[in-house]
Structure formats: C-alpha cells, structure tokens
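Architecture at a glance
Spelled out, the chains give:
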Amino acid sequence: MNDIRQMAQYAPQGIEEKWYAQWEAADLFAPRAGVRDETFVITLPPPNVTGILHMGHCLGNSIQDTLIRWHRMRGFETLWVPGTDHASIATEQVVTRQMRADGIDKREAGRDAFLERAWVWKEQTHGRITAQMRRLGCSLDWPRDAFTMDEARNRAVTRCFVDLYEKGRVFRDLYLVNWCPHCLTAISDDEVEYKELDGSMWHIQYPFADGDGFVTVATTRPETMFGDTAVAVNPDDPERKHLIGREVRLPLTDRVIPVIGDHHADPEKGTGYVKITPAHDPNDFLVGKRHDLPQVICMDPHGVMNEHAGELAGLDRTEARTRTIAALEAQDLLPKVEKNIHQVGHHDRCGTVIEPYLSKQWFLRMEDLAAPAVKAVEDGSVRLFPERWVGVYHNWMRNIRDWCISRQLWWGHRIPVWYCQDCQQEIVAVDAPTTCTSCSSTKLEQDNDVLDTWFSSWLWTFSPLGWPDETEDLKRFHPTSVLVTAADIIFFWVARMIMASYEFLDEPPFDEVLFHGIVRDEEGRKMSKSLGNSPDPIDIIDSYGADALRCSLVMLTPTGQDIFYSESSLEVGRNFCNKIFQATKLVLGVWDESGLVAPTAAAAPEVGDLELVAGRDWDQQPAAALAAVWRDTFGGELPAPVVDADLMPEDRWILGRICATAAECNEHNGRRRLNDAAYGAFNFFRHEFCDWYLEAVKPRLRDEATCAAPLQVAVLNLALSYKLLHPVMPFITEELWSWLPPSTGFIAASPYPAGTAAAPFETERADFEAVMEITTVLRNLRSELGVPPGKRGAAVLRVPAAERQAPLAAHAERIALLAKLETVEVVHGGADPQPAGAGLAGDVEVFLPMAGLVDLDKERERLQKDVDKLEGWIKGCRAKLANEKFVQNAPEDVVQKQKDLLAENEAKVATLRERMAGLDA
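Residues numbered from 1 in each chain as written. Predicted model: local features only at pLDDT ≥ 70, side-chain atom pairs only at ≥ 80, totals over all residues. Heavy atoms only, no water.

This brings us to the overall build of the protein. Helices and strands together make up the secondary structure of the protein, namely 28 helices and 31 strands. For a compact globule of 921 residues, the expected C-alpha radius of gyration is about 29 Å, and the protein comes in at 37 Å, more than 25% above that figure. Its C-alpha atoms give the protein principal-axis dimensions of roughly 110 × 85 × 55 Å. In the protein, buried positions account for 55% of the 921 residues. (Helix = DSSP H or I, 4+ residues; strand = E, 2+ residues; numbered from the N terminus. Rg over C-alpha atoms; globule rule 2.2 N^0.38 Å. Buried < 20%, exposed > 50% of the residue type's maximum accessible area, 1.4 Å probe, protein only.)

See below:
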C-alpha cells in the first residue's frame, strides 16, 4: 500500500487483477442468504462465441454489475448467472472461413470434422470472453458458467422441442422461408434487415396464348418470372375480371399459365395485373395455396438459376436479372421501366440479399404461446423500461407469425427427429432411438438440420437453473429479477423468453426488462468490427482502467438512450479515479501525522442497509450520531472522542449532504436511472467533498488541536463515498477502502449507505450554500479583474437587513479562506466601495475593492485595448449590414447571425466602459 500511495497519479495496472483474484478466492460472487430474505437474480445475456466482446457488451455488463453489486451490498441473496451462446450462423461462418484458409472444404471434410474444429474455436473464444468479463469486474458466479450447447442445455432444448411437438405446436411443412444463398440456410423474419435501395420497376408484357393481345405486369424482380404459374386480376375489377380463365404465354419460355381472380391483385396498384410466383414470394405463395397452383422453383439454394430458366440456367440471380431484361427488350416485351425506391431484405449476419424460397422446414406455432406473454406486459407482471417499448412489443406480439426454427447448418442443436429408411416413420424423442417405433427397423437417420440459435436462448432464464429438472435453484431463483439488454433484440429474444417461461413454468422469466441504448461512434454509426470503429475493450482497460471505462459508460448513458462514444469520454472516468486517489492521499497523510489509531473492529459489518439517518438524532446529538454511523461503517469506535461543539458548520453541512446523496443514489438505482445515481455520487465527491469541504477544513486539519473532528468526518465521508461508488467503480473503491485504517473486510461485501430525502442539518445546509454562492461570486470577480492567484485583498458584503449582518459575519473568516482573501467585512447600508468589482449572491451585494489587487493604469490600458478591438469589429459589422447587396443576397440566417453578434459586442463594450468608469471613481 505504501508503494501505491507514492504514485503521483493513480495507475490501475495490477490493482484491478489483484482484487478480482481476491474476490474470487473468497467466493464473494456466490449467492448467500442476506438480511432481507429476498433474491436478486440476473442471467447474463450470453455473448456469442464468435470472437471478443465489444463496447455494447461493456455497457450492458457494466449496468448489470452495477445492479448486482448494489443489491449484494444491500443484503439481497444475489446471483448473476454467466454463460455464452453458440451463435449457430455466425460461428459456422467463422469456422468455415478458417477451414477455407487452411485449404479445407467444409463439405468435403464432413460434419464430424467440422464440429471438431468448431468446438476448438468455442473453447478458445469462451476463454477470451470470460477473461474480458473478469477484467471488466463482472461479479458473476463463475462455477455456474453455462453454454447454450453444453450437455445440460442440450437436454433442455431437446425436452422443449419434444414437448412442443407432442402438443402439436411444432410441425414440418413445405413453406416459403427467408433463405440466405450465402449461408445456405433459412432464417426467421426477425433476422431479416430491410434496407432502402434504389431500384427499378420493370413493366413486362405477357402475350395471350391465342395471340390476341397481352397483359402487362410490373415487377422489381424480373428474374423470378421463370417461376410464375399464373397472372392474377381482382375478381371485382370491372375492367379486367372478364379475362379470368384465359391463358398467357410466359415470356422467354414455352410455358402457358392461367389468368386467375384473386383479391391480392389491387386494381389501383401497379398495372392491375400481378405475376404470381408461389415459390419465390410470400404473398404469391398464399395465392398459390388458395388456387392450387404449381410451385415452380427457378433457382437453386445458392441463388443460381436452374433448368426452369431455360438458356439462363447456371447464371447467378444477379446476372440472370441483367440477361432477362436484355432478352425482354430484344423481344420488345419491356415497354416501360420506372425508377423505384424499395425495401430489400438482407441477412443481418452476412448482409446477403434474402431470397424468398420454397423449402421444407420445421415451424413453431406462435399464436397460443403469445397470448400469456401479451397479458404479462399488460398487467405489469413483466415491466419494460423505458416504457416506450411497450407499444412496440404489443404491436409485434399481436401480429406474430409462425417461427421457422430449423436451420441448414451443422453447428447447433441437431433436431431430435429420426426418419425410418424402411417405412418413412417420423420419430421424435429425447433420447436417440435404436429401432423404428413402427416397423422395428434399425435403419434410422437423424434430421440433418439444427435448431435456430434463439430456440436455446429463449430458455435462458431457467435452463441454467437446472430445468427441466425441478431443482432447488429453479425454486429459489426463478423468476429472475431483471433482464438488461439492447432493444434491438426485443423480438428475437425478450418476447420469446416471456413466451417460453409461461409455456414451461407458467410464470414470467423476469420481473422487468431494462433496455439500454446502442454504443455509437462520434459520427452516430453503430460500432462494429466491419467498420473498424469498435475498439477492443481490453486495450481500453489496459490504457484507462476498468473503473474509468465503467464510470464513463454508465454515467454518460441516460436510461434507454444511445451513447456516442469517443476516447475523450474516457478522460472523465480516468480523471475522476485520480481525483478520488489524490483526495484519499491527502486525508490519510493527515491521519498518519495525527497519531490517531483506529480501534480494532470486533467484526466486519454485515451486508444490508447502512442507516445514515434512521435512528440517528443528527440535529440534536450530532456527535453521538457520528459515532453510531462510524461504528456501523467500520465495526469499531471513533479513534478520538468528538463532542457536539467540535462539529463546525462545514462538518454538519457535508454530513447532511452525504445523507442526502445516499438517499438520491438509492432512489435513482431503484428507478433504474443508473446514470443519475452515478452522477450524484460523482458530483458529491468531486465538487462538494473535494472542492468545498476539504478546502474549508484545511486550516483545522493542519492544527493538532482541532484536526480530530474534521479528520474523522473526512475519513467517514471517504468510506461512505467509496460505498456509493463501488457498484460502478469496484476496483479503486476496494483498493482505497483497504487503505482506511479503520476498515475491515471487503467493501464488496459491506453494507450500502441508506439515507432519507429529509436530510439532517437543513439550517447548516442553507448557511453553507450561501457561503459557497458568495465565494463563487468572489472567485469570478478575481478572474474577471485579472487578480493574480497570490494576491489576497479584502471583500465587502452588503446585506439588505440589519438582522442578517451578524449571522453572515460568523462565516466571514470561512469565506475569506475559500476565496483566498485577507478579510471579508459584512455591512448593512453605506456607499459602494470604489473602485471595485461588484456582483450579487442572492440578495447579498458582493464587492471586491481593487486597491492593492490590480494595477489600475494597466487595467485601464487592458480594458481600452479590448474596447478598441471590439469597436473596430462593430464598425465593420455596421458597414456590412448597411450594404443593401449583402442584406438582400446573403442567406437570412447569416444576416441574422451578424445582427446578433453586433448586439452582443455592443453590450460587451458597454460593460467594459462601465468597468473603466469604475476605475476612475
């Protein structure tokens, strides 16, 4: 400790790793029954095992750890469950690229070889991720670490699938899905990201089969015409309904297709004729079902045109579009092309344009599952913060569609369905069958597909607690308390978790959801590795420390709003860490010289509420209240006795302020305004404690006869401040807590301060805040007049009523100290001192006579230079505004800006001339 205290500036290197290791060794993160007999539980949103954590993870994890540490200190039985997600598509992409770089084709290597590589990758990235979270200070109960594909979670996922299948909610069907030609898998609607793109609307003529005329359809995807199986008109359209039943020839092919009547065709939209492509458009798929149309797939899973495209077979869909348009133009079948801006679906993982594609997939019926989840948010069983997301949630839930849960991948939970090769029986089972349940054949093959990643994630609040077994953990810790996550996965994950919990446990998964914003760069872009604007959090922690990162992220992020990150914002946290460090060194330096010895504590105080106000009579017996709070903070007695008379106004003011600040921090944390709680503790320590209290008590601290009371008040405020800050800044507070002579145990396992809105010492607070306001005015006057820091003059304060003179005069010495003046005189009435700077602090007139402080001749010269400079500018501005051409031709806002600047600088000149006149008075 002594070596660390010799540092000129706080350096977190080595300190943070030391304390995390000690916390883990002491098993501080395991749940322990607290004084409240209440639990507080969070299951960590599992990061994907695709690399390293990013700044969004740092924000979310800092918020979660703040809540966890706050509740742990307050005596809740606290559990934060760790884990990682297998991330099917993303991980498969990474491992496939690695194999390709090694000259290995995934398909040629086979499933087993691929999975072996994927598990190696998982172990590497899982270790990196958990190391990052430890560096950040996340107080997770690591022995419970779970993985969405470990044996226990795999059993839970399988049980879930089989249960839903037996209830008739899981089914397999040939259906139009969102298909990614790059990843070669179906994806859910929620994994499609729509982007607004410039495109075209091509008008194509389809000749009637009998040669008598044509119809014109309009499409943004002409290459899909090879999958057309009808043209639709609205059956109520008087201009076109007579064509129902006729046939048209599909251009560029030898096929003939019918004209049908369906209300999907809108007479007021496009040409009134709609090409129907059941295998490549979701609306057309439904039309095709209604009319029993053929389903012609015109491209393969890679997005390459097949035999149905005739001469274009073998071309990529993009090239096929170009060639289709050229062929139509050559046959004079393309009479019109319009520019068009439209929404195009892309895979949110790889960015590939999605192809609506007919494929046999597994689905989950969602309507019945959604009903209790809608009700849970309506009746407040699950609360969403900020509340603006409630409407978004309900809108999606009330329009929910069946969920495509199968993926054509290898990395993931393989679907627990086996097919008999002899009788085609479909067998769904938790354990792999050895024989067919229908014909007893042993020729069984398991479904090749895996389940959507979210199918395991939606069980995440209860599968890590032992489900499907009825474990003690499940009984004790479920429902969990809060989910902290970004709002962009409200549908992917949040809504589905609520549905799953009600389906399998008939209870909510959590009491509340706290949505945090997205971390963006200074240009407003979402941070991502692909843009190169997402720094490695470990690099930041190495440079600034985890506390600086956490403090900056939490304090600068209002609830639910995006944060615009820049490295300069980390300076706030780093500078504050150094402020805490320097203030502690100052106070403990005085302690070392004072000879005070802290009595040995009988035991470290237990977690719970450290009452600062309740049961204390601060106003009538302040010394006794101080001793009681000291005892409950440190577990021992005050080193030196303090009587009421020892506590000066500044002591009482700071003690009242720490009580009020504790109440504010608890209220803000309880309302999930963590940024306000962090800022409240920050503002108290940096400004009230350091800038005002320590400055006010310096003379008393230097005097052996008077130092005991302010020193013990200062040490107590350090300790309580550390506690208020610990949930956000765990490492530095643990380190500095260990420096305090009376401290025992870990601050991480100590009680959290609890105050009340009605803080003590209201009179002293008002008096000292008046001292602060007057001092601020005097400091500003010194700055305005250019008084050198070393010069100390005399100030005059004029009160409006005679009875105010004596009370304020009692603080005159204190004001002189804080404003760095020799004397401060308080008067009632009389003439203004001249020459002097003047200001107002409430209704108190403040004067700072210049005699002896300012060289009047030099001050006149300086002020005259400022006047001359401004008047030169004013002259030019007036000439510009008198120029009619400028006023008529310049933009209105430019002209107005010149007028505003003119008025502002004319006012400045008037102020400067008043000061010059005051010098001559």
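A word on empty space enclosed by the protein. Under the counting rule described, the total for this entry stands at 3 cavities of 30 Å³ or more. Empty space within the largest cavity amounts to approximately 110 Å³. Lining the largest cavity are 14 residues; nearest its centre among them are Ile 63, Thr 557, Pro 558, Thr 559 and Leu 674. Looking at the lining of the largest cavity, the elements that each hand over two or more residues are helix H3 (55-73), strand E23 (510-516) and helix H20 (674-702). Element by element, the count of residues in the lining of the largest cavity is highest for E23, at 3 residues. Tallied by class, the residues present in the lining of the largest cavity amount to 7 nonpolar, 6 polar and 1 charged. Of the voids in this model, the second largest cavity is the one considered here, and its volume is about 60 Å³. Forming the boundary of the second largest cavity are Thr 66, Cys 665, Asn 669, Leu 674, Ala 677, Ala 678, Ala 681, Leu 724, Leu 725, Pro 727, Val 728 and Tyr 752. At the level of elements, helix H19 (649-670), H20 and helix H21 (708-725) are the ones that each hand at least two residues to the lining of the second largest cavity. It is H20 that provides the largest number of residues to the lining of the second largest cavity, a total of 4 residues. For the lining of the second largest cavity, the residue count by class is 10 nonpolar, 2 polar and no charged. (1 Å grid on protein atoms, 1.4 Å probe; cavity = no way out; pocket = protein on both sides within 12 Å on 5 of 7 lines; lining within 4 Å. Points joined across faces, edges and corners; volume = space filled by probe spheres on them. Nonpolar A, V, L, I, M, F, W, Y, C, P; charged D, E, K, R; others polar.)

Taking 1.5 Å of rise per residue, the 16 residues of helix H7 (residues 151-166) would be expected to cover 22 Å, and the 22 Å separating its terminal C-alpha atoms lies within 8% of that figure. Regarding H7, the residues found buried are Arg 153, Ala 156, Val 157, Thr 158, Cys 160, Phe 161, Val 162, Asp 163 and Leu 164. Directly after H7, the chain includes Gly 168, whose backbone phi takes a positive value near 80°. (Expected span 1.5 Å × (residues − 1).)

The subject of this paragraph is the packing of aromatic side chains. Describing an aromatic ring pair means giving the distance of the ring centres and the angle of the ring planes. Using the criterion set out here, one finds 36 aromatic pairs in the structure. Relative to Phe 746, the ring of Trp 19 has its centre 6.3 Å away and its plane inclined at 85°; by these criteria the two rings are edge-to-face. Pair noted here: Trp 19 is in helix H2 (residues 15-25) and Phe 746 is in the loop between helix H22 (730-739) and strand E27 (752-754), with a separation of 727 residues, a long-range link. With 4.9 Å between their ring centres and 25° between their planes, Trp 396 and Phe 491 make a pair best called stacked. You can see Trp 396 sitting in helix H11 (residues 389-397) and its partner Phe 491 sitting in helix H14 (residues 490-505), a full 95 residues away along the chain. Phe 491 gets classed as partly exposed once you look at its relative accessible area, which sits at 22%. Here the aromatic residues Phe 161, Tyr 165, Trp 362, Trp 403, Phe 455 and Trp 458 are joined through ring pairs into a cluster of three or more. (Phe/Tyr/Trp six-rings, centres within 6.5 Å; stacked < 30°, edge-to-face > 60°.)

Once that is clear, we can look at the environment of Val 519. With respect to the secondary-structure elements, Val 519 resides in strand E24 (residues 519-520). Along the sequence, Val 519 and Leu 197 sit 322 residues apart, while their C-alpha atoms lie 26 Å from each other. Look past the residues within four positions of Val 519 in its chain and what remains in contact with it is Met 55, Gly 56, Leu 59, Arg 525, Lys 526, Met 527, Ile 563 and Tyr 565. (Contact = heavy atoms within 4.5 Å.)

The next subject is the packing of helix H17 (residues 570-594) against H22. Helix-helix packing is characterised by the crossing angle of the two axes and by the distance between the axes. Running from N to C, H17 and H22 point in directions that differ by 0°, and their axes come no closer than 11 Å. Taken together, the axes of H17 and H22 lie roughly parallel to each other. Where H17 abuts H22, its residues Cys 577, Ile 580, Phe 581, Thr 584, Lys 585 and Leu 588 lie against Ile 732, Leu 736 and Trp 739. Grouping the constituent residues of the contact of H17 with H22 by class yields 7 nonpolar, 1 polar and 1 charged. (Axes fitted to C-alpha atoms, helices over the stretch in contact; angles between N-to-C directions. Parallel < 35°, antiparallel > 145°, perpendicular 65-115°, else oblique.)

Our next topic: the pairing of strand E2 (residues 77-81). The element E2 is largely enclosed, with a buried count of 5 among its 5 residues. Here strand E1 (residues 39-43) runs beside E2; their pairing, made up of 5 bridges, is parallel. Bridge pairing links Ile 42 to Trp 80 in E2. In this fold, the crossover linking E1 to E2 by way of H3 has right-handed handedness. (Pairing = 2+ DSSP bridges. Right-handed = clockwise from strand over helix to strand, strands pointing away.)

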